[in-house]
Amino acid sequence: MTLYPNLILDALKTVRYPGNGKSLAENHMIEDDIRIDGNKVSFSLIFDKQTDPFIRSVVRASEAAIASAISPDVDVTIAVKTRTAAAPAKPEVLPGVKNIVGVSSGKGGVGKSTVAANLAVALAAKGYKVGLLDADIFGPSMPKMFGVEDEQLYMVKKEGRDWIEPIERYGVKMLSIGFLVDKEKPVLWRGGMASNALKQLISDAWWGDLDYFLIDMPPGTSDIHLTLVQTLPITGVVVVSTPQEVALADARKGIAMFTGDAVNVPILGLVENMAWFTPAQHPDERYYIFGEGGAVRLAEEQGVKLLAQIPLVMDIRSHADEGAPVALELETNPATASIEAQAFGTLANNVIAAVDERNATLPPTSKVAMH
């Protein structure tokens, strides 16, 4: 049984509030905070006052609706809120976005963009609203990985002004500087030009309501990273590394940049990419081409989570080259998905859990003010 937010919402829409006979959805009583962990589901219902006489009956009816429409095995936890509770402040930029997650690496060539693309697709396959910004200004790769290299950007009119409309593919809204430059020529921009172009893709685009806004950051530490943390309140960062010591040394620098006092953005966890190679003919064998467990040890050393170990498999590369990330298998048939697709499914689950834990235990991130 695979649970996803829309499945829960559909069940709750059948529940009516006894006070006026309207559905919970019509009364705007379903808080937009559905959390799923295996067969465990939690969310909040909003009432006008704490003394509402129908609270208990509505909660029970909601539990029964989920058991009837989905399965009695779903473990449901419902929190009760009142409309007088203060709502969290929305950021100035991307007001409809709940969580902004950076995907970073200390050096190039570790598969950061491949991880970002597959993470976005895996989250979308679980029913979340996902956006993806290709912030790797000098080496944009998302148009290729999503098979949209020849797409043209258009403007859309919303709220009285014109906005850039992101390209939507595989359930992911995506923008990249690659749509604005000649893909056959290098991007020869100074830092200021690159930063301004990036800000435009963030603030002048109609991203709408998103559960997760992923940012594929450039490798290393640069002006672009500073622009991002000064422009957006980033919820947390996923750091990608391969197991060898050269990559791990640079990953340490990246972690130090984000966790330093000047930036102070939480690290959600580490991804060990190209963790091992398994020949297709011998699925039980593992060859540790780049070393064994380097990122596992780095996660322990830094006191952060190991979010996933992604194997070195040719299908991951070939699917990316063909513009169809391997994590798409999770959408069509998750039960029979390949090992590599399931690895990205595990990554998505662990990122969701890490974001939830971060939001429950730490105050909201603020934009960085640098002088």
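Here is a short report on the structure shown in this document. The structure displayed is predicted, hence computed values, not measured ones. (Residues numbered from 1 in each chain as written. Predicted model: local features only at pLDDT ≥ 70, side-chain atom pairs only at ≥ 80, totals over all residues. Heavy atoms only, no water.)

## A look at the sheet that holds strand 3 (residues 75-82)
Line of reasoning, step 1. Strand order in the open sheet formed by three strands is 1-2-3, and the pairing between neighbours is mixed. A strand with exactly one partner marks an edge of an open sheet, and here the two such strands are strand 1 (35-37) and strand 3. The mean angle between the axes of side-by-side strands here comes to 20°, regardless of whether they run parallel or antiparallel.
Line of reasoning, step 2. Sheet analysis places strand 2 (residues 40-47) next to strand 3, joined by eight bridges and oriented parallel. Bridging from a neighbouring strand, V41 pairs with V76 of strand 3. (Pairing = 2+ DSSP bridges. Helix = DSSP H or I, 4+ residues; strand = E, 2+ residues; numbered from the N terminus. Axes fitted to C-alpha atoms, helices over the stretch in contact; angles between N-to-C directions.)

## Things to note about the pattern of salt bridges
Line of reasoning, step 1. Throughout the structure, instances matching the rule amount to 15 salt bridges.
Line of reasoning, step 2. With its nearest N and O atoms 3.1 Å apart, the salt bridge here joins D211 to K98. With D211 in strand 10 (residues 210-216) and K98 in strand 4 (residues 97-105), this residue pair connects regions lying 113 residues apart in the sequence.
Line of reasoning, step 3. Classification of D211 as buried rests on a relative accessible area of 13%.
Line of reasoning, step 4. In this structure, the salt-bridge partner of D250 is K253, at a minimum N-O distance of 3.7 Å. Of this pair, D250 and K253 both sit in helix 7 (residues 245-259), three residues apart, roughly one helical turn. (Salt bridge = Lys/Arg side-chain N within 4 Å of Asp/Glu carboxyl O. Buried < 20%, exposed > 50% of the residue type's maximum accessible area, 1.4 Å probe, protein only.)

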